[in-house]
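Descriptive structure summary
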Amino acid sequence: MFLSTIAAVSTPRGKGGVALIRISGSESLSIAEKIFAPAAHKKVSDFAPRFQIYGNILSADGKTVLDDGLCTCFRAPASFTGEDVVELCCHGGEVVAALVLEAALQAGAVMAGPGEFSRRALLNGKLTLTAAEGIADLLDAKTEAAAHLSSAAARGKLSEKIDSLSQRLLGAAASLWAYLDYPEEDLQAFTDEELIAELEAIQAECEKLLRTFQTGKAVNSGVRTLIIGKPNVGKSTFFNAFLGENRAIVTEIPGTTRDMIEVSAKAGHVLLNLTDTAGIRRKTEDKIEKIGIEKVLSELDSAELVLALFDSSRPLDEDDRLILDRLQDRIGTLPILPILTKADLPRQIDPEPIKALGSPIAICAKEKSDWRELCNRIEALFISDEAALHEGAVLTNIRQKTHFIKVSDLLAEAVRQISAGNKDIASLGLESAVAELRETDGKGAGEMILNEVFSRFCIGK
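Everything numeric here is computed off the predicted structure, so don't read it as measured data.

1. Side note on the overall build of the protein chain
Looking only at helices and strands, one finds 16 helices and 13 strands in the protein chain. The C-alpha atoms of the protein chain give a radius of gyration of 29 Å, which is well past the 23 Å a tight globule of 461 residues would have. In terms of overall dimensions, the protein chain has a C-alpha envelope of 80 × 75 × 40 Å along the principal axes. For the protein chain, the proportion of its 461 residues judged to be buried stands at 49%. Contacts spanning at least 24 positions in sequence make up 68% of the contacts within the protein chain whose residues lie at least 6 apart. Only carbon and sulfur atoms are counted for the fraction: they give 52% of the accessible area of the protein chain, which is about 22,000 Å².

2. Some remarks on the environment of Gln 328
With respect to the helices and strands, Gln 328 occurs in helix α11 (residues 318–328). Taking the C-alpha atoms as reference points, Gln 328 and Ala 356, separated by 28 residues in sequence, lie 7.8 Å from one another.

3. So, the sheet that holds strand β11 (residues 305–311)
Strand order in this open sheet of 6 strands is β9-β10-β8-β11-β12-β13, and the pairing throughout is mixed. A single partner strand is all that each edge strand has here, and the edge strands are β9 (261–267) and β13 (361–362). Each of β8 (223–228), β11 and β12 (336–341) is contacted by α11, which is oriented at about 155° to β11, the strand it contacts most.

4. Things to note about the pairing of strand β2 (residues 16–24)
The pairing of strand β1 (residues 6–9) with β2 spans 4 bridges and is antiparallel. Note that in β2 the partner of Ala 7 across the bridge is Ile 23. Counted between consecutive antiparallel strands, the loop separating β1 from β2 contains 6 residues, among which Gly 14 sits at a positive phi close to 120°. Note that β2 and strand β6 (residues 85–92) share 8 bridges and pair antiparallel. Paired with Ala 19 across the two strands is Cys 90, which belongs to β6.

5. Quick look at the sheet that holds β2
The sheet built from 7 strands is open, its strands ordered β3-β4-β5-β6-β2-β1-β7 with mixed pairing. With partners counted over all chains shown, the strands left at the sheet margins are β3 (36–38) and β7 (110–111), one partner each. As judged from the 2 bridges shared by β1 and β7, these two strands associate in the parallel manner. Pairing of Ala 7 across the sheet is with Met 111, part of β7.

6. Details of the packing of helix α5 (residues 144–154) against helix α8 (residues 213–220)
Packing of α5 against α8 brings their axes to within 8 Å, and their N-to-C directions diverge by 125°. Between α5 and α8, the interaxial angle falls into the category oblique. Within the contact between the two elements, α5 uses Ala 145, Ala 146, Leu 149 and Ser 150 and α8 uses Gly 216, Val 219 and Asn 220. Class assignment for the residues of the contact of α5 with α8 results in 4 nonpolar, 3 polar and no charged.

7. With respect to the side chain of Lys 230
Looking at where Lys 230 falls in the secondary structure, it is placed in the loop between β8 and α9 (235–243). In this structure the side chain of Lys 230 is engaged in a polar contact, spanning 2.9 Å, whose partner is the side chain of Asp 320. Excluding anything up to four places from it in sequence, Lys 230 contacts Lys 235, Gly 279, Ile 280, Pro 315, Asp 317, Asp 319, Asp 320 and Ile 323.

8. Focus on the nonpolar core
Counting residues in each nonpolar core, the largest one holds 34 residues, and the members touching the most others are Phe 238, Phe 242, Leu 272, Leu 307, Leu 374 and Ile 378. The dominant element in this core, judged by the number of residues it contributes, is helix α12 (residues 368–382), at 5 residues. Among the nonpolar cores identified, the runner-up in size contains 27 residues, and Leu 169, Leu 199, Leu 411 and Ala 414 belong to it.

9. Brief notes about the side chain of Asp 67
With respect to the element layout, Asp 67 can be found in strand β5 (residues 65–74). For the buried Asp 67, no salt bridge exists, and the shortest N-O distance to an oppositely charged side chain is 14 Å, to Lys 15. One polar contact links the side chain of Asp 67 to the main-chain amide nitrogen of His 91, over a distance of 2.8 Å.

10. Focus: the confidence of the model for the protein chain
The share of residues in the protein chain with pLDDT of 70 or more is 90%, and the mean pLDDT across the chain is 87. Every residue in residues 247–259 scores below 50 in pLDDT, and together they form 38 contacts with partners more than four places removed in sequence or on other chains.

11. Section: helix α4 (residues 129–140)
Its 12 residues place the ends of α4 17 Å apart at the C-alpha level, agreeing with the 16 Å of an ideal helix rising 1.5 Å per residue. Among the 12 residues of α4, 9 are classified as buried, and the element is accordingly described as predominantly covered. For α4, the full list of buried residues reads Leu 129, Thr 130, Ala 131, Ala 132, Glu 133, Gly 134, Ile 135, Ala 136 and Asp 137.

12. As for α8
Burial within α8 is extensive, with 6 of its 8 residues counted as buried. Turning to α8, its buried residues are Phe 213, Thr 215, Gly 216, Ala 218, Val 219 and Asn 220. Looking one or two residues beyond α8, the residue adopting positive phi is Gly 222, at roughly 100°.

13. Overview of the packing of α9 against α12
Running from N to C, α9 and α12 cross one another at 85°; their axes reach a closest spacing of 12 Å. In terms of orientation, α9 lies roughly perpendicular with respect to α12. Taken together, the residues of α12 that come into contact with α9 (itself represented by Phe 238, Ala 241 and Phe 242) are Trp 371, Leu 374 and Ile 378.

14. Structural notes on the state of the cysteines
Inspection of the entire model under this criterion finds 0 disulfides. Of all cysteine sulfurs, the one in Cys 375 lies closest to Cys 364, which takes part in no disulfide; the gap is 15 Å. The exposure class of Cys 364 is buried, given its relative accessible area of 14%.

Reading guide: rules and limits
- Residues numbered from 1 in each chain as written.
- Predicted model: local features only at pLDDT ≥ 70, side-chain atom pairs only at ≥ 80, totals over all residues.
- Heavy atoms only, no water.
- Helix = DSSP H or I, 4+ residues; strand = E, 2+ residues; numbered from the N terminus.
- Rg over C-alpha atoms; globule rule 2.2 N^0.38 Å.
- Buried < 20%, exposed > 50% of the residue type's maximum accessible area, 1.4 Å probe, protein only.
- Contact = heavy atoms within 4.5 Å.
- Areas by Shrake-Rupley, 256 points an atom, 1.4 Å probe, with all protein chains shown as cover.
- Pairing = 2+ DSSP bridges.
- Axes fitted to C-alpha atoms, helices over the stretch in contact; angles between N-to-C directions.
- Parallel < 35°, antiparallel > 145°, perpendicular 65-115°, else oblique.
- Nonpolar A, V, L, I, M, F, W, Y, C, P; charged D, E, K, R; others polar.
- Polar contact = N/O pair within 3.5 Å; in protein donor to acceptor, adjacent residues only side chain to side chain.
- Core = buried A, V, L, I, M, F, W, Y, C linked by side-chain atoms within 4.5 Å.
- Lys, Arg positive; Asp, Glu negative; His and termini not counted.
- Salt bridge = Lys/Arg side-chain N within 4 Å of Asp/Glu carboxyl O.
- pLDDT = per-residue confidence, 0-100.
- Expected span 1.5 Å × (residues − 1).
- Disulfide = S-S within 2.5 Å.

Shown next, in the form of structure tokens:
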């Protein structure tokens, strides 16, 4: 049980119709009775839980009416945090909300930290860690697909999968533990062959989940994408057309783009963290342009997707070949989509050398079907399991992925040890695997992990 009662404004700062101030903790109701006067002339505690009460919101000393509004009480454990919770709704002015929060603090609450309401929900058993991460991702969602996936995680879809795997693994491990503790009693629920088969099946499920990570990351946090090409190949026009707005300067002067312009855009279900870059060419006397070109080439090491643009209305030249040479070494390790721009003009380019990078896509900035093909190609690179995406049981961050890698490795080692007759060693590995799987969803997670997860949250959530 937490000793303090916390409070925060849970709606965004700024002007709006309504602001909500949330209070959670054992003193929530007594604080509400100090700063809220129901119009019905009753005490707040006289009303039924989850019943909205209209009245005046007061200063902590009860002498000043700050606003009129609504009060809703949620009694423990039937609340988001599992504690007594009070929510006060006032008019949505920034100053008004700050005054109401200050009244709650003066009446005995303390200021909530980032994600502290959700953290209390986790520690009180009202929320799992993957569901909490889903809430954080939902607040940050930039696309409909990200919102759908995050909402599924927040509703516990990934937690359900983890819990199912945990129960199966615990059952298999218990069978082995029973045999080791009471070898004469024949308490083993599985034969050795059945135990190995079950552990291999659980490991296969873990590997299947691991394969969803690329999809989850591409949808939620996005793919770092570089647009590269020689000057005047149409990079900035392509960039602007992808975004549907003019963000990059487009001129006929070579070398207009000298620095990197970054923005997020969606390609079907995939979120691209898209970067327009300086045109790459072998020779330039412009010092600033040289720095821009060097920066582009160095950024290839951290890119997750390259859109390599070539002007289809001109033959390949030495600048195009420089780009081809630079990308040749990355084939197989970095997804590359070669794109032929200016497809509405007569084609002069020979596409054969470009095909080494992959099948080229011809793009006309005004042709919607060309963009649909490009989006389909990008989705095919990163969406490996459409069904899992819709179901919502998808790994979305490196923390989840790391836990599942460890679980899979521990299971593989346990199978090897059982096959070799070393059941005592296998039992230790299964114990670690159970703990690792449970920690994925917050059961037994350390303070450092919780601090890392909830630092992403805003104050008031």
